[in-house]
Amino acid sequence: MVTNSAPHAPAPSAVEALRCSVCGASLHVTGRSLRCDEGHAFDIAKQGYVNLLHARVPSGTADSAEMVAARAEFLDAGHFAPLAEAIAGVAKAAVPGAALILDAGGGTGYYLAKVLDALPGATGLSLDLSAVASRRAARAHARASAAVWNLWHPLPLAGGCASLVLNVFAPRNGAEFRRVLREGGRLVVVTPTPEHLAELAELTRLLDVDPDKPRRVAAALNPHFTEATSEAVDFSLELTAAEVRSLIGMGPTAHHLRPGAFESLPATVRVTASCTVAVYEPRSAAA
């Protein structure tokens, strides 16, 4: 998506991949909406994203405006740049330059934009439950588009439309990721290790990484994918109290925080970022 204030529509490659979330038919741009031949229409917001949901998202489910603002502030400051560089590196090695990149749970589009920078011929499509985040994702990069959708539901996408699926700290719908990946495509999944932000556990117990996460990731993906490569990405951050508040406020913990919960933070906090960046190959239909 373009980064200026002019109205714009999703990129042609994104429109070609998207499907009507009511009937599954192909979509085309008509004025300021996406419309299928059955007459179902979805308005294109002035920021360039399209909302394909049929009902309002319950409060506390999707990222709020405050959470999205905190995430944008923290990520745009470059604190997680080493992770973004690692994701872009594996993406560049995994797919050809001319490809559609699906960012499943793309948030503000920060990681997708870094991948698109590394793949000059590629276009990107972010799916996220938060309309507020999708507004930013649609403008995160000149070759990015965005749509609002729930990843736990069948994805409103054509089968085999994507060369790469990114899944960074987001829900994993293994069956749907496999369906929308073309043959030879790759899935890149980023998950936190138990050491990720462990220092902040002294500030809130809600930040602990679920020790059962590796088993749950395997259960979601193993029927549909095999792991090809995996690398650890670890780095330290020296954060101010304000930056710690943004870090905590940008994640799911923010849904449970009470006002003034972190008024007495130290001036600086050293934090460890620790993640696994894994690349998966789709299993064949006969496997």
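Residues numbered from 1 in each chain as written. Predicted model: local features only at pLDDT ≥ 70, side-chain atom pairs only at ≥ 80, totals over all residues. Heavy atoms only, no water.

What follows concerns the overall build of the chain. Counting its secondary structure elements, the chain contains eight helices and eleven strands. Per-residue burial over the chain gives 51% buried out of 287 residues. Put simply, 65% of the contacts in the chain that link residues at least 6 apart link residues at least 24 apart. (Helix = DSSP H or I, 4+ residues; strand = E, 2+ residues; numbered from the N terminus. Buried < 20%, exposed > 50% of the residue type's maximum accessible area, 1.4 Å probe, protein only. Contact = heavy atoms within 4.5 Å.)

Relative to the helices and strands, arginine 71 is located in helix α2 (residues 65–76). Only 2.4 Å separates the side chain of arginine 71 from the backbone oxygen of methionine 250, close enough to count as a polar contact. Ignoring anything within four residues of it in the chain, the contact list for arginine 71 reads Asp63, Asp76, Thr108, Met250 and Gly251. (Polar contact = N/O pair within 3.5 Å; in protein donor to acceptor, adjacent residues only side chain to side chain.)

Secondary-structure assignment places alanine 91 in helix α3 (residues 81–94). Judged by its relative accessible area of 0%, alanine 91 falls in the buried class. A C-alpha to C-alpha distance of 9.0 Å links alanine 91 and leucine 187, two positions 96 residues apart in sequence. With residues near it in sequence (within four places) discarded, alanine 91 still touches Val115, Leu119 and Leu164.

Bringing α3 into the picture now. Given a rise of 1.5 Å per residue, 14 residues ought to cover 20 Å, and the 20 Å separating the end C-alpha atoms of α3 matches this to within 8%. Buried-residue contacts for α3 involve α4 (110–118), β8 (162–168), β9 (181–192), β10 (225–240) and β11 (268–282). (Expected span 1.5 Å × (residues − 1).)

Our focus in this paragraph is the sheet that holds strand β3 (residues 41–43). Spatial strand order, β1-β2-β3: three strands in an open sheet with antiparallel pairing. Edge positions in the open sheet fall to β1 (28–30) and β3, since each of these has one partner strand only. Neighbour-to-neighbour, the strand axes of the sheet open up by a mean angle of 35 degrees, direction not taken into account. Two elements, β1 and strand β2 (residues 33–35), share three bridges in a ladder whose sense is antiparallel. The residue of β2 that forms the bridge with histidine 28 is arginine 35. (Pairing = 2+ DSSP bridges. Axes fitted to C-alpha atoms, helices over the stretch in contact; angles between N-to-C directions.)

The full count for this structure, using the stated rule, is zero disulfides. For the unlinked cysteine cysteine 23, the closest cysteine sulfur is that of cysteine 20, found at 3.7 Å. Between cysteine 36, a cysteine without a disulfide, and cysteine 23, which holds the nearest cysteine sulfur, the sulfur-to-sulfur distance is 3.7 Å. (Disulfide = S-S within 2.5 Å.)

Applying the stated criterion across every chain, the model contains four aromatic pairs. A ring pair is formed by phenylalanine 80 and phenylalanine 235, whose centres lie 6.0 Å apart and whose planes are at 80 degrees; its orientation type is edge-to-face. Of this pair, phenylalanine 80 sits in the loop between α2 and α3 while phenylalanine 235 sits in strand β10, and the two are 155 residues apart along the sequence. Judged by relative accessible area, phenylalanine 80 falls into the buried class, the value being 2%. Between tyrosine 110 and tyrosine 111 the ring centres are 5.0 Å apart and the planes differ by 80 degrees, which places this aromatic pair in the edge-to-face class. For tyrosine 111, a relative accessible area of 9% translates into the label buried. Here the aromatic cluster, defined as three or more aromatic residues joined through ring pairs, consists of Phe74, Phe80 and Phe235. (Phe/Tyr/Trp six-rings, centres within 6.5 Å; stacked < 30°, edge-to-face > 60°.)

Take alanine 84: it is sitting in helix α3. Sequence-wise, alanine 84 and tyrosine 110 are 26 residues apart; in three dimensions their C-alpha atoms are separated by 8.1 Å. When near neighbours in sequence (up to four residues on either side) are disregarded, alanine 84 contacts Tyr110, Tyr111 and Lys114.

The next point concerns the packing of α2 against helix α8 (residues 241–249). Packing of α2 against α8 leaves a shortest axis separation of 8 Å and a crossing angle of 125 degrees. As far as their axial angle goes, α8 and α2 are oblique. When you trace α2 past α8, the crossing you get is left-handed. Along its contact with α2, which presents Met67, Ala70, Glu73 and Phe74, the element α8 presents Glu243, Ser246, Leu247 and Gly249. When the residues that make up the contact of α2 with α8 are grouped by side-chain class, the tally is four nonpolar, two polar and two charged. (Parallel < 35°, antiparallel > 145°, perpendicular 65-115°, else oblique. Left-handed = near helix turned anticlockwise from the far one by under 90°. Nonpolar A, V, L, I, M, F, W, Y, C, P; charged D, E, K, R; others polar.)

With that settled, the discussion passes to the packing of α3 against α4. The geometry of α3 relative to α4 is characterised by a closest axis approach of 8 Å and an angle of 45 degrees between their N-to-C directions. Relative to α4, the element α3 lies oblique. Helix-helix and strand crossings are classified by hand; for α3 and α4 the assignment is right-handed. In contact with Ala81, Leu83, Ala84, Ile87, Ala88, Ala91 and Lys92 of α3, α4 contributes Tyr110, Tyr111, Lys114, Val115 and Ala118. Per-class residue counts for the contact of α3 with α4 are ten nonpolar, no polar and two charged.

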